[in-house]
Amino acid sequence: MKRSQIPLQRALPLWALLLVVTLMVAACGGATPAPAPAPTEAPAAEAPTEAPAAEAPAADTSSFLVFGNSGEPDTVDSMDTTTGTALYVTQQMLENLIDFEPGTLELAPALATAWEANEDSTEWTITLRDDVTFHDGTPFNADAVVFNFRRLAEEDFEFGFRAEGKTYAIFPDIFGGYAGSPDTIWEGVEAVDDTTVVFTLGQPTPLFPNFLAAAYFGISSPTAVQELGADYGTPNGGAVGTGPFTFLEWRPGESISLVRNEEYWGEPAKMPGVTVRFIGDAAQRLAELQAGAVDFTINLAPDARATIANDANLASPPLEPFNIAYLSLNINNPPFDNLLVRQAVAHAIDKEEILEGLYGGVGDVAEDFLPDALAWARPTELDPYPFDPERAKELLTEAGFPDGFSTMTLPDGTESPVILWYMPVSRPYFPTPQPVAELFAAQLADVGIQVELQTEDWGVYLDNWDAGTKYGLVMLGWTGDYADPNNFLRTHFGPGTVREAGYDNPEVFSLLDEAGTADTQEAAATFFQQAGTLINADLPRVPIVHAPPVYGQNAALEGWIPSPSGGESFANLSISR
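Bear in mind that the values here come from a model prediction, so they are computed numbers and not experimental data.

J.: Sorry if this is basic, but what is going on with the overall build of the chain here?
T.: Check the secondary structure of the chain and you find 17 helices and 21 strands. Residue burial in the chain is summarised as follows: out of 577 residues, 59% are buried. Accessible area for the chain stands at about 21300 Å²; split by element, carbon and sulfur atoms hold 48% of it.

J.: Whenever I open this one, the nonpolar core confuses me. Can you help?
T.: A general trend in soluble globular proteins is that nonpolar side chains are found buried together. Within the largest apolar cluster, 165 residues are counted, with the highest numbers of intra-cluster contacts made by L97, I126, F149, F175, F199, F440 and M475. Residue contributions to this core peak at eight residues, all from helix α3 (residues 142-153). Discounting residues that sit within four places of it in the chain, F175 has contacts with D183, T184, I185, W186, L201, F208, F211, F217 and R490.

J.: What exactly am I supposed to notice about the pairing of strand β13 (residues 323-329) here?
T.: Every other side chain in a regular strand lies on the same face of the sheet, so the side chains alternate between the two faces. Most of β13 is tucked away, with seven of its seven residues classed as buried. Residues of β13 alternate between two faces, with N323, A325, L327 and L329 on one and I324, Y326 and S328 on the opposite face, all of them buried. In the sheet, β13 pairs with strand β20 (residues 541-546) via four bridges, with the strands oriented antiparallel. Within β20, the residue paired with L327 across the bridge is V542.

J.: I keep staring at the pairing of strand β9 (residues 255-260) and nothing clicks. Help me out?
T.: Sheet analysis places strand β8 (residues 245-251) next to β9, joined by six bridges and oriented antiparallel. Note on β9: the bridge partner recorded for F245 is R260. Following β8, the chain reverses through three residues before pairing antiparallel with β9; G253 in that reversal takes a positive phi of roughly 80 degrees.

J.: Whenever I open this one, the sheet that holds strand β11 (residues 296-300) confuses me. Can you help?
T.: To summarise the sheet geometry, strands pair through backbone hydrogen bonds and adopt either a parallel or an antiparallel arrangement. With mixed pairing, the seven strands of this open sheet are ordered in space as β8-β9-β10-β1-β11-β21-β12. Edge positions in the open sheet fall to β8 and β12 (314-315), since each of these has one partner strand only. Direction of pairing for strand β1 (residues 65-69) relative to strand β10 (residues 273-278): parallel, over a ladder of five bridges. Considered in β10, the bridge of L65 is made with V274. Against the sheet, helix α7 (residues 282-291) makes contact with β1, β10, β11, β12 and β21 (550-554), and its axis sits at roughly 155 degrees relative to β11, the strand it touches most.

J.: Explain unusual backbone geometry to me, please; I cannot follow it from the model alone.
T.: At the junction of P334 and P335, the peptide bond is cis and its omega measures out at 10 degrees in the coordinates. Phi angles above zero are rare outside glycine, and S121 is one such case at about 60 degrees. Residue F161 is not a glycine yet carries a positive backbone phi of 55 degrees. Within the secondary structure, F161 is located in the loop between α3 and α4 (170-175).

J.: Explanation requested: helix α14 (residues 486-493) in the structure shown.
T.: Because an α-helix packs 3.6 residues into every turn, residues spaced three or four apart end up facing the same way. Most of α14 is tucked away: eight of the eight residues are buried. Within the span of α14, buried status applies to N486, N487, F488, L489, R490, T491, H492 and F493. Lining the buried residues of α14 we find α4, β13, β19 (473-479), α16 (506-517), α17 (521-538) and β20.

J.: Can you walk me through the pattern of salt bridges in this structure?
T.: When their charged atoms lie close together, side chains carrying opposite charge are able to pair. Going through the model one piece at a time under the given rule, you end up with 14 salt bridges. A salt bridge links R151 to D77, with the nearest nitrogen and oxygen atoms 2.9 Å apart. A residue pair is termed long-range when its members are at least 10 positions apart, and R151 in helix α3 and D77 in the loop between β1 and α2 (84-93) qualify at 74 residues. The pair formed by R151 and D77 is uniform in burial state, with each residue classed as buried. D513 serves as the salt-bridge partner of R490, at 2.8 Å between the closest nitrogen and oxygen. With a gap of 23 residues between them, R490 in helix α14 and D513 in helix α16 connect regions that are remote in the sequence. Note on R490: relative accessible area 7%, which makes it buried. One network of salt bridges, in which partners are shared, links D77, D80, R151 and K166.

J.: Looking at this structure, how should I read the environment of P317?
T.: Within the secondary structure, P317 sits in the loop between β12 and β13. Residue P317 is classed as buried on the basis of its relative accessible area of 12%. For P317 and I561, which are 244 residues apart along the polypeptide, the C-alpha to C-alpha distance reads 7.6 Å. Every residue in contact with P317, bar those within four places of it in the chain, is listed here: Y551, Q553, W560 and P562.

About the cut-offs
- Residues numbered from 1 in each chain as written.
- Predicted model: local features only at pLDDT ≥ 70, side-chain atom pairs only at ≥ 80, totals over all residues.
- Heavy atoms only, no water.
- Helix = DSSP H or I, 4+ residues; strand = E, 2+ residues; numbered from the N terminus.
- Buried < 20%, exposed > 50% of the residue type's maximum accessible area, 1.4 Å probe, protein only.
- Areas by Shrake-Rupley, 256 points an atom, 1.4 Å probe, with all protein chains shown as cover.
- Core = buried A, V, L, I, M, F, W, Y, C linked by side-chain atoms within 4.5 Å.
- Contact = heavy atoms within 4.5 Å.
- Pairing = 2+ DSSP bridges.
- Axes fitted to C-alpha atoms, helices over the stretch in contact; angles between N-to-C directions.
- Salt bridge = Lys/Arg side-chain N within 4 Å of Asp/Glu carboxyl O.

Structure below.
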């Protein structure tokens, strides 16, 4: 895309600039807040009594680029999802105010051309690109930006459609809570004129531009959101943004097709469209890549590396891990409220066996949540939990379970078998989730902890997790969205996550807030390290591995530069048919 450059120095503190440089290298090679000004509200459109169904395809999709996604999106409303399977699709249609340079985490203009903070980084003025329209022909402007962030932030916003099931769960994870929450740093957003918006925050936030670059914050047409209501983001509604592709068709269980936006404000996409196929099984994705049925795909099993290397028609782009695979323990249901039990679980897990057997030995055993690119923020004297089944048995005995256990107590007081939940789709951090879950279960059984394996539809899996109703042990993971340790730590151990699994440590919350407002990387490191030490002692989640995902492509595909954050525009990709 043709984008003007702005000096990053005015947007980022020195320590964040150092982070950007580090991650560019890794990606390429190897008090009570004052009330915010009243937001300008986008004009409301009268919602129809019934949302229109998606129109029938009007394009020949045989010439489209074909992407093998590792599952079906739960929605294509980027603000209402945290799943990579969805964000890969939304980034083709919905654009952010700020983006990343290809293959890096260096900030770049997108729908915003410039951004600037006040002296203490509590107020950010964003200058918007003019003469941009949404796919439905309505104008992109400051009112549209305000509308989008209000529906995220304000639980009583008229067009948030929360009563119909939308939750915008990422917002409290990043900002600490919804608008008005005692823990939130969010104060508000205001339209100054058509091309200027001002975001106000309750504490210094030097990395706020990085927040805006996270894929969740794709801007949707307010008219489409209002008219489609709860159907926005579903197969019946699709999504309406400003991006290089427009929504064509969603065939549930099969695929989503997108067509090139011929009115795009930047350089048009190189291909006439993209078909995103839903292929949940990693082996099937590889087979379809080998057969030429897909042009590129993600999250392959580790043993696919050898297959790709030995096939002249295939290639695999190099990637560094910017992720964490982990096992969450729900503190809301005993016996996982007992620290000794959580420690026993950690000592029972043989991470080396998992890494060698199920990741092909590629990656690193995780002792905390931060990948190597953010190692400067790790505790200097971390006391990890090495594989030690005898110590695990001792801890269980000390906790009152000399013979282990096989049941847990739910919040309503009823007993239930201990459930170990595993995701039904391949993820970058868990490319083969069921075999990993089976190995977890065997290792836990060796110390007397008996679990039952369960899974469910990926969207339901995440909805139940966000609602705090997923009890027992839960396999999850995270790929970083931007170059900040708090994207890993505050997202998983901040106040916005209390509802998920019961972890509530105000001292950790305070330290992470202090780290986020620090003026230098050295000062931030001190707070991050103190918080990491407490998190390690509390052990609400067991870190497992940092492992690079395996991607594959047709060797003839040109232009694919995968992002460290796990998703990028496909506009620059092309392949001869």
